[in-house]
Amino acid sequence: MLHVLRYVFLFLQKTLQTMKLALIGYGKMGKEVEALALSQGHEVPLIFDANNIASLNADCLRKVDAIIEFTSPQSAPANIALCFETGVPVICGSTGWHDKLPEISELCRAKNACLFYASNFSIGMNIFMEINRQLATIISDFPAYSAHIDETHHIHKLDKPSGTAISIANDIIARHNRYVKWKLNSGDDISDLPVFSFREGEITGDHHVVWQSDIDDISIRHSAKNRKGFALGAIMAAQYCIGKKGIFGMHDLLTKR
């Protein structure tokens, strides 16, 4: 993980080429991206939300260097498909649409486009996810431990569980010999990985993985204090994608220069 931290620090220290960014989605996350981008010297000449989404088209998007999309599970696939027509990289932070990822990926390749997607753009969360993968691999040899995941977000978040929680669960399932599938708010079978989802107040995001045995508990937790970490990751992803074609994620960003 030291290489991840080293990459982040080098990224933050070096002078970056300024970008022109388009934002599709101007909720709390879009506003956070805009504020951070402007503070870093980037331009945000195009912003689309519910009030002007009818004017969104490929021609106007071709005028920017990268497109950052934070909308809804219902809107994201169509927005991404439109971005593929522009030749401009699209960075998607919307969650809840990944069941359509196979067809979106096929379209991306067919259009020779660039898609960067992640369930969570936080650098800290992606370090957490690396620890989660290693822990699941180790604990797979110790059947006395069973796992569950708790995730809590603000009351405005539509999808349950969070896309991040699903990624965490799938990483455990891929590396542990007991779990076959995750199950929301329950675990009826020993092969089910329970994911408990809560919506409370204005909580930015809290993810907690717990491994329990009769002797002790092992747990790891990530709590986001605000949205700045997500905004930073999205802008880093936009910078990373300039000039690239293909499909990328946070692992690519954090392990390659």
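Anyway, here's the lowdown on the structure attached to this text. Quantities reported herein were computed from a predicted structural model and do not represent experimental measurements.

About the criteria used
Residues numbered from 1 in each chain as written. Predicted model: local features only at pLDDT ≥ 70, side-chain atom pairs only at ≥ 80, totals over all residues. Heavy atoms only, no water. Helix = DSSP H or I, 4+ residues; strand = E, 2+ residues; numbered from the N terminus. Rg over C-alpha atoms; globule rule 2.2 N^0.38 Å. Buried < 20%, exposed > 50% of the residue type's maximum accessible area, 1.4 Å probe, protein only. Contact = heavy atoms within 4.5 Å. Areas by Shrake-Rupley, 256 points an atom, 1.4 Å probe, with all protein chains shown as cover. Lys, Arg positive; Asp, Glu negative; His and termini not counted. Charge placed at Lys NZ, Arg CZ, Asp CG, Glu CD. Pairing = 2+ DSSP bridges. Axes fitted to C-alpha atoms, helices over the stretch in contact; angles between N-to-C directions. Disulfide = S-S within 2.5 Å. Phe/Tyr/Trp six-rings, centres within 6.5 Å; stacked < 30°, edge-to-face > 60°. Lys NZ or Arg CZ within 6 Å of the ring centre and 35° of its normal. Salt bridge = Lys/Arg side-chain N within 4 Å of Asp/Glu carboxyl O.

So, on to the overall build of the chain. Check the secondary structure of the chain and you find nine helices and 11 strands. Relative to a compact globule of 257 residues, whose C-alpha radius of gyration would be 18 Å, the chain shows 19 Å and is just as compact. Counting only C-alpha atoms and orienting by the principal axes, one finds that the chain spans roughly 60 × 40 × 35 Å. Burial analysis of the chain (257 residues in total) assigns 52% to the buried set. A separation of at least 24 residues holds for 67% of the contacts in the chain among residues at least 6 apart in sequence. If you sum the accessible surface of the chain, you get close to 12,400 Å²; carbon and sulfur atoms cover 53% of it. The positive charge centre, built from 26 side chains, and the negative charge centre, built from 27, are 7 Å apart in the chain.

Taken together, the six strands give an open sheet; going across it, the order is β2-β1-β3-β4-β5-β11, and neighbouring strands pair in parallel fashion. In the strand order of this sheet, the two ends are held by β2 (43-48) and β11 (246-248), each with one partner. Taking the axes of each pair of neighbouring strands and ignoring which way they run, one obtains an average angle of 20 degrees across the sheet. Here strand β3 (residues 66-69) pairs with strand β4 (residues 90-92) via three bridges, running parallel. Within β4, the residue paired with Ile67 across the bridge is Val90. Contacting β1 (20-24), β3, β4 and β5 (114-117), helix α4 (residues 76-84) crosses the sheet at an angle of about 165 degrees to β4.

Strand order in the open sheet formed by five strands is β7-β8-β6-β9-β10, with mixed pairing between adjacent strands. Strand pairing shows two members of the sheet lacking a second neighbour, β7 (181-184) and β10 (217-224), which therefore form its edges. Strand-to-strand twist in this sheet, taken as the mean axis angle between neighbours without regard to direction, amounts to 20 degrees. Two strands pair when backbone bridges link them, and strand β6 (residues 146-153) and strand β8 (residues 192-199) are joined in this way by five bridges, in the parallel orientation. Counterpart to His153 in the pairing with β8 is Arg199.

Now for the state of the cysteines. On inspection of all chains with the given rule, the structure shows zero disulfides. Sulfur of Cys92: no disulfide; nearest cysteine sulfur belongs to Cys83 and is 8.8 Å away. Judged by its relative accessible area of 0%, Cys92 is buried.

Enumeration according to the criterion identifies six aromatic pairs in this entry. With 6.3 Å between their ring centres and 75 degrees between their planes, Phe116 and Tyr240 make a pair best called edge-to-face. Of the two residues, Phe116 is situated in strand β5 and Tyr240 in helix α8 (residues 228-241); the sequence distance between them amounts to 124 residues. A relative accessible area of 0% means that Phe116 is categorised as buried. Judged by relative accessible area, which is 7%, Tyr240 ranks as buried. Grouping aromatic residues by their ring pairs yields a cluster made of Phe70, Phe116, Phe121, Tyr240 and Phe248. Positioned above the aromatic ring of Tyr26, the side-chain terminus of Lys31 is 4.2 Å from the ring centre. Its guanidinium or amino end placed over the ring of Tyr240, Lys244 lies 4.2 Å from that ring's centre, counting from NZ or CZ.

On to the pattern of salt bridges. Under the counting rule described, the total for this entry stands at 11 salt bridges. The shortest N-O distance in the salt bridge between Arg133 and Glu130 comes to 3.1 Å. Taken together, the positions of Arg133 and Glu130, both in helix α6 (residues 123-139) and three residues apart, correspond to about one turn of that helix. Classification of Glu130 as partly exposed rests on a relative accessible area of 25%. With a relative accessible area of 18%, Arg133 lands in the buried category. Beyond isolated ion pairs, a larger network of salt bridges with shared partners links Glu130, Arg133, Asp171 and Arg175.

Assignment of secondary structure puts Ile139 in helix α6. Separated by 95 residues in the primary sequence, Ile139 and Ala234 place their C-alpha atoms 32 Å from one another. Setting aside residues up to four positions removed in sequence, Ile139 forms contacts with Tyr145, His176, Trp211 and Ile218.

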